Each structure stands twice: as structure tokens, then as C-alpha cells.
Amino acid sequence: MTEGAGIRAGDPPEDLTAAEAGMWQAFRIGSVYDLSAGDPVADDPHGGHPWGEERTVRARIVCWLLLDGPPALAGRVSSLKLTGVQISGCLDLAGGTIVPYVEMRGCRFEREILLPEAHFTTVRLVDCSVPRLEAARVHTEGDLHLPRCRFRGGIRITDAQIGTDLLLNQAIVYRDRSGRSIAGDGMTVGQDLQAEMLESHGELSLRAAAIGVSLSLRGARLANPYTQRRALNAPQLTVGRSLYLTPAGVGAQALSGTTPAHGTRVQRFECQGGVRLDDGRFGDAVDLEQARFTLTDDQEVSMRRVQTPELRFLGEAPVRGRVVLSGAKVVNLMDRSDSWPGPGRLHMGGFTYENLVPRGPFPLAERLEWVAAATAEYNPEPYELLAAVLRAGGEDEDAREVLLAKQRRRRESVPIAAKLWGYAQDWTVAYGYRPGRAAVWMAILWAAGSFAFAHAEHPPLKAGEHPAWDPALFALDLLLPVIDLGQQGFWQLSGGWQWLAAVMIILGWILATTVAAGATRLLRRS
């Protein structure tokens, strides 16, 4: 005979303890069943104060109520609401369909909770002590709330389907045997996943998870010093709106999910260990305001191929490790000059953005250092992208400076002959980006040549077949290649004057060639 057979509808089994009988009756009327002692120390579910039989119910009886409980009394809705209760044994609801509303506050579980493939309406565990939560493929029509709970052996909610919100605010979760604190790979959350001020001791894994609205890790502290796993491992994460790795307000005046008001004491997001957000899709923004990353030399904050309308890179520059944005695509890049790591620790190959929105001063010289830090070897793409963004914003002069910096960086990687030619172009016309320099050099050489040739001996090559001697026109004729001003070729110079004329001709050709190269570059760019 099945356990409980023969019991009239609503009658409790005969073997119930006093605590269980009270829970049974509270379930039928949907009221809160409170066994707390009224002493904060004694009632702390995470403390060491023992709870006796008067506060203990068997997990088997809890499962009986939820899966096949008695009907509600007339005019009531049955639900399980426990406060200050200890649940002995393993709470195993795997594969079950649980219709009643479930809420447990300040409760203590002696063994793990098993919810794989179970179906709930709404489940709320608040400030409970749980050895481990095993809930792969669990399904809820409403919320799954786990705020302020402590899980000594981790949480597994892989492929879970949460109808509305998943709350992990102020929860403390330790790693399981595989090194993960929270395994949420492949899960879907209909609205928000809030894990504000979460403490995670192990890897928080959200691979291929889908969050309908926002994912908030405001004020969270993630640490994974145990293994080579990352502290946050969330490739292919999809968030309908924003990912917040930002500060959270501390205290009663702070409202969850909002930016802390001025003067509010805050706790920033801190991460000890690598972060992987590769191939993520974010509808509004990725916000790293005041985020702090503590990395080893071989760890990364990796955002390869991330796509988001706005990236707010406003955290502290990591002292060690790397920041990788290769292939990422953003519309607005909001950053600070002191948020980026130094040379060799920033990688931006294929990273594209449409607008720069610096927070605070970010001079062009520091922006060029930012680009140089991301390119250990010469790569024209970051320079050309920065120039295009500046030009689109009306900063034409800054755009020219960026392209000039690109040519100078390129010069470092070419052979010696090309390098010398590059220096010549730089000194004369700045690779064509400062064409006014050519006129200045021409004027200087013309004035110097005119003054020098005014004192030169200049016998004619053929008597009676020469124009009148004009040292200024002769110097200009030497400087201007191709153009014949009727002075060169009629006079016989000797010694140092002949060498001076040759130098003037060579300098004239160099100026003409560099001007032509610069003009070609400008025409190609336009």
C-alpha cells in the first residue's frame, strides 16, 4: 500500500511530529509557519547554534505537501511558507510538478536540494543555509529567488528556464567539486538576473545563457583562486538590455537596480580571476563603471567579438593580465584615459567603434598612446579607424595627426633606405599632412640660395648668348625641377659654388617628390 493511502482528504499522517503537524495545517490555509525563537543569534541559519526537534521537519513530509498535499480550506490558497525551520534529509523534488507557492525564509537545510527538471510556479528561498542546490533544467513560471542564501557546495541551474526573475542578491556561493560556484550554462531568464553584492568563490559560468532584460552584478565579488578556471565564464551570453559590472549602494537607503545616489556608500564590482564574455550580444550596454580586475599575467578580461551599442570601459586599469577586444563591435565607446592597460596588455585587432565618448580629459597624445599600446607590431587599422571617427566628429586636424602618427609608426618597420626616405618626408611636408611646410622650406632655400649666389663668380659659358645675371632667379631655377626660368645652363660655376648648385637641385627634387607623394596620399584618402 502506498504511503499515506487511506488517509481522508486533508487529514495529516499519523506519524507526523508536532512541528510537521503545524506545518501541515499552515499549508492548508496558506499562512506563514514560523518556528523562529526571536533571538537573532539562535535564529541565524548560518550560525552554529543547534536547532532541536521542535524546529525540525523531515524533507519527506515537505515533498509530500508540495507534490500531493491536502486541499486548501474553503476560501484559502494552499502554499508552503516556512520561517526559521530546519529541514532534515534530502529535499528531492526532481521531475515533479509543484503547483503551490513556495517561500522559505531563514531556514536551514541539512542536505542538498534536488530540483532537476521540476516545474514550479514561484520559488523563494531567502537567507537560507543550503549545502547545495541541484536544479538543472528546472522550470518556473514566475520567479526563482535565492537572495542572502549560502550554498556551501555550489548551485547548478544549467538549462534552467526561469519565467520572470532570477535573484541572487547578497548570496554567498562556494565551489563544487568541479570548481564552479554557479553553473548556469544554457539557462534562460525571462526578465532580470540580479546578483548584486553576490560573493562567488569559484567559477561563475553562464555560457550561452539568455537574459531577457538585464544582468546585474553590481557590487559583486567574484573570486576563483582555486584552479585555472575563470572567475566569470560567459561566452555567447545574450542580454536583452545591459550587463552591469558596476558599484552597488550599501545600506537601507540604496535601491536595488539603481545608480547609487551621491553620498551613498558603495561597494564596487571586484573580480579576482579571468573574465570571458566572448561572442556576447547586449542590447543596450556593457557597463564597467569602477570595476576592478585582479589578474595574473596569463589571465584576460576577454570581450572578443562582443556586440553592443555602448561599451562603458570606466573601471580601474588592471595591473597585470590582458584586456582583449579583438573583433568587438560597439557604437559608442565611453572610456577614461586611466582605464586602459599599458603596452602589450591591450589587444584590439578588428575592434570597431563609431563614436568616442571620453569621460574626463583624454588628450590626443594619450589617445595615440592607447592605439600604440594595442599594436605591438605595426597595424594601420586602429589608426585609420580612429582618424575616421575623429573626422566624422568634425575633428579634421586631430584626424590628420592620427594619420601622421600612423606613418611614423610604419616607418619603424621598414628597411633603412625606406626609413631615411620616410624621415625626409616627415621633416619636409609631414607625409603630406602638413603641406604648408613645403612652402616654408622652399622660401628658406630660395632666400639662402639668393644670398649665396649674389656673391658667386659666374662667368658666362658663351659671351653674348646669356641673359642678365639674377641670383634670385637663378636659385629659383635650381630649386624648381622641370620648370625652366632661363637662368640655369648659361653660367659657369666652379668649386664650392658648383657643389652648392648641385645641392640646390637635389633639395628641389626631394621637395617636389615629397609634395607629390603627400598630394597623392591626400587624394587617395579623400
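Here, every reference points to the structure presented above.
Residues numbered from 1 in each chain as written. Predicted model: local features only at pLDDT ≥ 70, side-chain atom pairs only at ≥ 80, totals over all residues. Heavy atoms only, no water.

Asker: Quick one: what's the story with the overall build of the chain, residue by residue and with numbers?
Answerer: When helices and strands are counted, the chain shows nine helices and 43 strands. Put simply, the chain has 526 residues, and 48% of those count as buried. Sequence-distant contacts in the chain: of pairs separated by 6 or more residues, those separated by 24 or more amount to 51%. As presented, the chain carries roughly 24,500 Å² of accessible surface, and 54% of it is formed by carbon and sulfur atoms. (Helix = DSSP H or I, 4+ residues; strand = E, 2+ residues; numbered from the N terminus. Buried < 20%, exposed > 50% of the residue type's maximum accessible area, 1.4 Å probe, protein only. Contact = heavy atoms within 4.5 Å. Areas by Shrake-Rupley, 256 points an atom, 1.4 Å probe, with all protein chains shown as cover.)

Asker: I'd like to hear about the side chain of R108, residue by residue, with values.
Answerer: Mapped onto the elements of the fold, R108 is located in strand β7 (residues 108-109). Of the side chains with opposite charge, D44 comes closest to the buried, unpaired R108, at an N-O distance of 6.3 Å. A distance of 3.3 Å separates a polar side-chain atom of R108 from the backbone oxygen of G47. Excluding residues within four positions of it along the chain, R108 makes contact with D44, P45, G47, H49, P50, W51, V85, Q86, I87 and S129. (Lys, Arg positive; Asp, Glu negative; His and termini not counted. Salt bridge = Lys/Arg side-chain N within 4 Å of Asp/Glu carboxyl O. Polar contact = N/O pair within 3.5 Å; in protein donor to acceptor, adjacent residues only side chain to side chain.)

Asker: How would you explain the packing of helix α3 (residues 364-373) against helix α5 (residues 396-411) if you had to name every residue and give the values?
Answerer: In a packed pair of helices, the relevant descriptors are the angle between the two axes and the axis-to-axis distance. One way to put it is that α3 packs onto α5 with a least axis distance of 11 Å and a crossing angle of 40°. It follows that α3 is oblique to α5 by the angle criterion. Crossing handedness for the pair α3 and α5: right-handed. Facing L364, L368 and A372 of α3, the residues of α5 in contact are D398, E401, V402, A405 and R409. Partitioned by chemical class, the residues of the contact of α3 with α5 number five nonpolar, no polar and three charged. (Axes fitted to C-alpha atoms, helices over the stretch in contact; angles between N-to-C directions. Parallel < 35°, antiparallel > 145°, perpendicular 65-115°, else oblique. Left-handed = near helix turned anticlockwise from the far one by under 90°. Nonpolar A, V, L, I, M, F, W, Y, C, P; charged D, E, K, R; others polar.)

Asker: Residue-level account of the packing of α3 against helix α4 (residues 380-392), with values.
Answerer: With their axes 10 Å apart at the nearest point, α3 and α4 run at an angle of 145° to one another. At the point where α3 passes α4, the crossing takes the right-handed sense. Residues L364, R367, L368, V371 and A372 of α3 form the contact with α4, whose own contacting residues are P382, Y383, L386 and L390.

Asker: Could you give an account of α3, with specific residues and numbers?
Answerer: Owing to its 3.6 residues per turn, the α-helix brings residues three or four apart onto one side. Turning to α3, its buried residues are R367, L368, W370, V371 and A373. Looking at the buried positions of α3, the neighbouring elements they touch are β41 (329-335), β42 (346-347), β43 (355-358), α4 and α5.

Asker: Before we move on, could you go through the nonpolar core and cite the residues and values that matter?
Answerer: Counting residues in each nonpolar core, the largest one holds 111 residues, and the members touching the most others are M104 and L198. If one sorts the elements of this core by residue count, helix α2 (residues 59-68) sits on top with seven residues. Excluding its chain neighbours within four sequence positions, the residues that come into contact with L198 are L168, Q170, A171, V173, I182, L204, L217, A220, R221 and L222. (Core = buried A, V, L, I, M, F, W, Y, C linked by side-chain atoms within 4.5 Å.)

Asker: Could you give me a rundown of the side chain of D287, with the residues and numbers involved?
Answerer: Within the secondary structure, D287 is located in strand β36 (residues 285-287). Judged by its relative accessible area of 9%, D287 is buried. Polar side-chain contacts of D287 include one of 3.1 Å to the backbone nitrogen of E289.

Asker: Which residues make up the pattern of salt bridges, and what are the values?
Answerer: Enumeration over the complete set of coordinates arrives at 29 salt bridges. We note a salt bridge from R322 to E300, for which the minimum N-O separation is 3.2 Å. Of this pair, R322 sits in strand β40 (residues 322-324) while E300 sits in strand β38 (residues 300-302), placing them 22 residues apart in sequence. Given the relative accessible area of 23%, R322 is considered partly exposed. For E300, a relative accessible area of 19% gives the class buried. The salt bridge partner of D335 is R367, with a shortest N-O separation of 2.8 Å. A residue pair is termed long-range when its members are at least 10 positions apart, and D335 in strand β41 and R367 in helix α3 qualify at 32 residues. Residue classification places R367 among the buried residues on the basis of a relative accessible area of 5%.

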